[in-house]
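Commentary on secondary and tertiary structure
One-letter residues, chain by chain:
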Amino acid sequence: MKIKRIALFAAIAALAAAVATPATAASQDAARLRDTTAHQPGNFDDDLFSAAQKEPERKATGFFFHHRDKRPAAVQFEEAGKKYLAGDLKGACRAYDRLVRSCPYSPEAPRAQYNLGAILERREKYKAAFDEYRYLLTYYPESSKTGVVLEHMFAIANWQLGRRKREAAAKSFAAIAVAAPGWHRAAEALFRLGEANFAMREWYDAADAFDSVASDYPSSEYALPAMERHAAALYALSLKYKEDEAIQNRAITVATAAAAALPKDDPARPKLVEHLEDLLDRRDARAFAIAKFYDGKRHKRESAIAAYEEFLRQYPRSPRAEEARARLEVLRAK
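The structure contained in this document is the topic of the report that follows. (Residues numbered from 1 in each chain as written. Predicted model: local features only at pLDDT ≥ 70, side-chain atom pairs only at ≥ 80, totals over all residues. Heavy atoms only, no water.)

1. Some words on helix α6 (residues 108-122)
Turn by turn, an α-helix covers 3.6 residues, leaving residues three or four places apart pointing in a common direction. With 15 residues, α6 should cover 21 Å at 1.5 Å per step; its first-to-last C-alpha distance of 21 Å lies within 8% of that length. With 11 of 15 residues buried, α6 lies mostly within the body of the structure. Burial in α6 covers these residues: Glu108, Ala109, Pro110, Ala112, Gln113, Tyr114, Leu116, Gly117, Ile119, Leu120 and Glu121. Looking at the buried side of α6, the elements it contacts are α4 (73-85), α5 (89-102), α7 (126-139) and α8 (146-162). Of the residues trailing α6, Glu124 is marked for its positive phi of about 65°. (Helix = DSSP H or I, 4+ residues; strand = E, 2+ residues; numbered from the N terminus. Expected span 1.5 Å × (residues − 1). Buried < 20%, exposed > 50% of the residue type's maximum accessible area, 1.4 Å probe, protein only. Contact = heavy atoms within 4.5 Å.)

Below you can see the structure in the form of structure tokens.
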């Protein structure tokens, strides 16, 4: 979800009140508050997810490379197995790959494809192994190895993340989330995707991943942590684009929802509330500066009165509200 530069029609005063009374807000919406920029369930619209949705090319034989083996698939499978048992792992990989290319619709093809990925993983060719596992999920979804394959893919993605290969890890986790949205670890894969992007300071992509967890898997154990991390990513964006009002308002919306939903003893809550207070203060300061702008010699008194009234209507609980009321009384008295 790329943050659009559009105006939000959210009742910010009500959101600020929700922070003051988190228990009430949580009872009204314990999961998340939505607005026009929120991620829609099942809708991945950023570049990373679009790339993950692109299927790998179907394997085929060629004139110069990957010559077709005309022997029965069973014979080829047995030969590849002998190479493996003899310790010729590279030769076994070539043999299994040739079988899949030569006899893609044979009963041996999905088994050969799985063995190819497993041997590459054993050879510590993790990126290649991940791609072969993904190929198996794409073209042989009926394979009995699907669950095992997903666990292997998840382990490889975690290894990449642990080794700080964050860009590769992000692509791997995105591929898992797209390939198996109903898998029992899909929410965790999305959460790890968000963490990888967050570590790379890819705030937009991190926000989208965390938003996807909260939207698509609200009952997951990762839903609440994802809300907090989503708020953190948006807060980082609000610091990067300080003049973008849409991002500021979106950050307030998400942070308010997260503050209302997180338990009071959650260790992430203090920093979240601190960020929310800063967001609200910057929002109020910007709105109050606009009101004061009209309270000058170049503008009519009525314009200043209207500006202060609008500020108080939108932000009646702002720390600057008393100052606005006092100035409003002076202007009206004139």
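Still more ground to cover, so stick around.
2. Side note on unusual backbone geometry
Residues apart from glycine generally show negative phi values, whereas peptide bonds are mostly found in trans. Even without being glycine, His66 reaches a positive phi, approximately 55°. When you line up the elements, His66 lands in the loop between α3 (47-53) and α4. With relative accessibility at 41%, the residue His66 sits in the partly exposed group.

3. Structural notes on the side chain of Arg101
Mapped onto the secondary structure, Arg101 falls in helix α5. Residue Arg101 is classed as buried on the basis of its relative accessible area of 18%. Contacts of Arg101, omitting those with residues within four sequence positions, involve Lys59, Ala60, Thr61 and His66.

4. Re the nonpolar core
Membership of the largest hydrophobic core comes to 81 residues, with the highest contact counts inside it found for Tyr96, Met153, Phe173 and Ile176. Apart from the residues lying within four places of it in its own chain, the contact partners of Ile176 are Phe130, Met153, Phe154, Ala157, Trp183 and Ala189. Core analysis: the next-biggest nonpolar cluster, separate from the first, contains 14 residues, Ala291, Ala304, Tyr308 and Leu312 among them. (Core = buried A, V, L, I, M, F, W, Y, C linked by side-chain atoms within 4.5 Å.)

5. Thoughts on the packing of aromatic side chains
Overall, the coordinates contain 12 aromatic pairs when judged by the stated rule. Seen in terms of ring centroids, Phe293 and Tyr294 are 5.4 Å apart; in terms of plane orientation they differ by 80°. Their pairing is edge-to-face. The exposure class assigned to Tyr294 is partly exposed, which follows from its relative accessible area of 33%. An aromatic cluster of three or more residues is present, and its members are Phe154, Phe173 and Trp183. Sitting over the face of the ring of Phe77, Arg111 holds its NZ or CZ atom 4.2 Å from the ring centroid. In this structure, Arg229 is placed above the aromatic ring of Phe198, and the distance from its NZ or CZ to the ring centre is 4.2 Å. (Phe/Tyr/Trp six-rings, centres within 6.5 Å; stacked < 30°, edge-to-face > 60°. Lys NZ or Arg CZ within 6 Å of the ring centre and 35° of its normal.)

6. Things to note about the pattern of salt bridges
Under the definition given, this model contains 22 salt bridges. For the salt bridge of Arg71 with Asp69, the shortest nitrogen-to-oxygen distance reads 2.8 Å. When the shortest N-O distance is used, the salt bridge between Arg229 and Glu195 registers 3.2 Å. Within this pair, whereas Arg229 is found in helix α12 (residues 223-240), its partner Glu195 is found in helix α10 (residues 186-199), the two being separated by 34 residues in sequence. (Salt bridge = Lys/Arg side-chain N within 4 Å of Asp/Glu carboxyl O.)

7. Focus on the environment of Met227
The topology assignment puts Met227 in helix α12. The spatial distance from the C-alpha of Met227 to the C-alpha of Ala259 is 9.0 Å, given a sequence separation of 32 residues.

8. What to know about the packing of helix α15 (residues 301-314) against helix α16 (residues 321-333)
It is the contact of α15 with α16, at a shortest axis distance of 10 Å, that shows an interaxial angle of 150°. On the basis of the axis angle, α15 is roughly antiparallel to α16. In this structure, the crossing between α15 and α16 has a hand that is left-handed. Seen from α15, the contacting residues are Arg301, Ala304, Ile305, Tyr308, Glu309, Phe311 and Leu312; seen from α16, they are Ala321, Ala324, Arg325, Arg327, Leu328, Leu331 and Arg332. (Axes fitted to C-alpha atoms, helices over the stretch in contact; angles between N-to-C directions. Parallel < 35°, antiparallel > 145°, perpendicular 65-115°, else oblique. Left-handed = near helix turned anticlockwise from the far one by under 90°.)

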